[in-house]
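Chains, contacts and geometry: an overview
The residues making up each chain are set out below.
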Amino acid sequence: MSMFCFQCQETAKGTGCTVRGVCGKTEEVAKLQDLIVYASKGIAEVVIKTKTEVGKIKEVNEAVITALFATITNANFDESALESQIRQLIAHRDKLRGKSEEGYSNAATFSLGDRADMLKFAEEVGVLRTENEDVRSLREMIIYGLKGMAAYLHHAENIGYKDEEITAFIYEALFATLNDSLTADDLVALTLKTGEYGVKAMALLDSANTGKYGNPEITSVSIGVRKNPGILISGHDLTDLEQLLEQSRGTGVDIYTHGEMLPAHYYPFFKKYDNLAGNYGGSWWKQVDEFEPFGGPVLFTTNCIVPPRSEKVRSRIFTTGAAGFPGCPHIKADENGKKDFSAIIKMAQASSPPTEIESGNIVGGFAHNQVFALADKVVDAVKSGAIKKFFVMAGCDGRMKSREYYTEFAKNLPSDTVILTAGCAKYRYNKLNLGDIGGIPRVLDAGQCNDSYSLALIALKLKEVFGFDDVNELPIAYNISWYEQKAVIVLLALLYLGVKNIHLGPTLPGFLSPNVAKVLVETFGIAGIGEVDDDIKLFMNK
Ligand code: SF4
Ligand code: SF3
């Protein structure tokens, strides 16, 4: 076996990618990413054993968070970038540890040779290093949750928000995954604690985003095109969008969002930019068809990158932040966080304007503040029976055919139900025109995957208004679709908040061992999905 990765929903045969990732990740990239995780665990060990105050090692924290983020599915395919992150992590680790190697594990002491040595060593430290499949399953679930958390912390940090308590937890959890004396029960407890910190991380990012850009509000977003050439910006980082909008103002170039950047339109702050033209296309995997007709350059601020099919498209791709793709220019921030996007703007000016692939508008912006403002209306609609049930359908989208389930599910839901969505899962039904209930749209989009936090706040608010003791008494069903590791932290956060009977699809994670899956089923009522009609009946009768 040349590599092993089973962190995402598309993992080969539902069990693991062993030759090349279904995502396009090469063996080398997979191994370097394993090494990043292992080196991060080593740093965690040193931080804990030297009792280093997390607040005093800002640079180390940033390096660990960015590196973990770079290992998320579809974030970074660039071997050289990953190698230099590993070298940076090891330099930090050794500086923190000093000369002494006594009392430390291999993760805290291993040294690096050349790339070939690194790849060889990586084979010993990957996922399969843990032999017991239940321990492996729990360890990896924790690690994937931490990766998702790292992504959210990275965005918050870019806005100047950080929380050392969360960073300290990341070290605690990373180190715990090296500890062979922990039992499966200990690891289950740590999994839930990861969910607890996931809530904190999403809350921090929510404060950062709303603190800087205002509270999302109901917004109609154009999905057509204008006449100017454009730049397409994808991913989740709002600070990148802000800088791009500022720098491209008055240059004759329009900015379009793609995939998970769509919710940026909902923030009041961005409404002042008349060069923010709209949203182009659908969710991440549609890029293989949509980047070609877009015509202009594309900036990836995070996942999800799909290795481009043609050189023509590849030559128009730029990355920044934790994202990376070999051969594509990577735009770094200076020490003040400023990025120079002039090369992208220049390329856009020489590009043809986007070809229209859709027209019209979509409506979103139903994050917590906006929904709370509509609370009376929503509560009345529930009390009068006009709304029978809410369906939380947050999470990720993906290219598997089986995901057509979600479009059919949304289409076939009774007309007295409302979908609460967040993340790129929304693209399966946000253009369906499902109508409204007394002015409340039947699809309420809160925002990006991290804005699932808003959905949790909305549920907690409804619990309070209706005077229930338990969120599970509410008329809310959870039919979540997952793909990558941010969905793992969202799921763990929901479990921590006590949400039961979540249905997860289109398939259950390949990293769940049969015993761990059993614990999730028995303790939390987690289930997969079945046929649309049967599932709707099941949910409506619960
Ligand atoms: Fe396979 Fe997913 Fe890992 Fe890519 S990220 S190698 S598709 S399991
Ligand atoms: Fe989507 Fe990649 Fe997960 Fe942020 S962008 S939800 S899959």
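Residues numbered from 1 in each chain as written. Chains lettered and ligands numbered in written order. Predicted model: local features only at pLDDT ≥ 70, side-chain atom pairs only at ≥ 80, totals over all residues. Heavy atoms only, no water.

**Some details on the sheet that holds strand 15 (residues 503-505)**
The strand order across the open sheet built from five strands is 13-10-9-14-15, with neighbouring strands paired in parallel fashion. In this open sheet, the two strands that pair with only one neighbour each are strand 13 (443-445) and strand 15. Adjacent strand axes in the sheet meet at a mean angle of 20°, parallel and antiparallel pairs treated alike. In this structure, strand 9 (residues 389-392) lies alongside strand 10 (residues 417-421), joined through four bridges in parallel fashion. Each bridged residue has a counterpart across the sheet, and for F390 the counterpart in strand 10 is V418. Helix 16 (residues 452-466) contacts strand 9, strand 10 and strand 14 (476-481) of the sheet and is inclined by roughly 170° relative to strand 14. (Pairing = 2+ DSSP bridges. Helix = DSSP H or I, 4+ residues; strand = E, 2+ residues; numbered from the N terminus. Axes fitted to C-alpha atoms, helices over the stretch in contact; angles between N-to-C directions. Contact = heavy atoms within 4.5 Å.)

**Some words on the site of ligand 1**
Taken together, M3, C5, F6, Q7, C8, T11, C17, G21, V22, C23, K25 and T73 make up the full set of residues adjacent to ligand 1. Broken down by class, the residue content of the shell around ligand 1 amounts to seven nonpolar, four polar and one charged. (Near = heavy atom within 4 Å. Nonpolar A, V, L, I, M, F, W, Y, C, P; charged D, E, K, R; others polar.)

**Structural notes on the site of ligand 2**
What surrounds ligand 2 is the set H236, E260, W284, N303, C304, G395, C396, C424, C449, Y483 and E484. When the residues that make up the shell around ligand 2 are grouped by side-chain class, the tally is six nonpolar, three polar and two charged.

**What to know about the domain arrangement of the chain**
Under the domain assignment used here, the chain contains domain 1 (1-129), domain 2 (219-349) and domain 3 (368-540). One C-alpha centre belongs to domain 1, the other to domain 2, and the line joining them spans 29 Å. Tallying the contact residues gives 13 residues for domain 1 and 11 residues for domain 2. Both faces considered, domain 1 and domain 2 share a buried interface measuring about 950 Å² in area, 60% of it formed by carbon and sulfur atoms. At the boundary of domain 1 with domain 2, the tally comes to zero salt bridges. (Domains from an automatic or database assignment. Buried area = accessible area lost by both parts, 1.4 Å probe. Salt bridge = Lys/Arg side-chain N within 4 Å of Asp/Glu carboxyl O.)

**Things to note about the environment of L205**
Inspection of the secondary structure puts L205 in helix 8 (residues 184-213). Its relative accessible area of 1% is what places L205 among the buried residues. As a C-alpha pair, L205 and H155 span 50 residues in sequence and 6.9 Å in three-dimensional space. Not counting chain neighbours up to four residues away, the residues in contact with L205 comprise Y152, H155, A156 and N450. (Buried < 20%, exposed > 50% of the residue type's maximum accessible area, 1.4 Å probe, protein only.)

**Regarding the side chain of S234**
Structurally, S234 is set in strand 2 (residues 230-234). Every residue in contact with S234, bar those within four places of it in the chain, is listed here: H258, M261, L299, F300, T301 and T302.

**Structural notes on the pattern of salt bridges**
Should their charged atoms come close, side chains of opposite charge can pair. Overall, the coordinates contain 31 salt bridges when judged by the stated rule. Among the salt bridges present, the one from D397 reaches R428, with a minimum N-O distance of 2.7 Å. Separated by 31 residues along the polypeptide, D397 in the loop between strand 9 and helix 15 (404-412) and R428 in the loop between strand 10 and strand 11 (436-437) bring together distant segments of the chain. Across the pair, R428 and D397 agree in class, each one buried.

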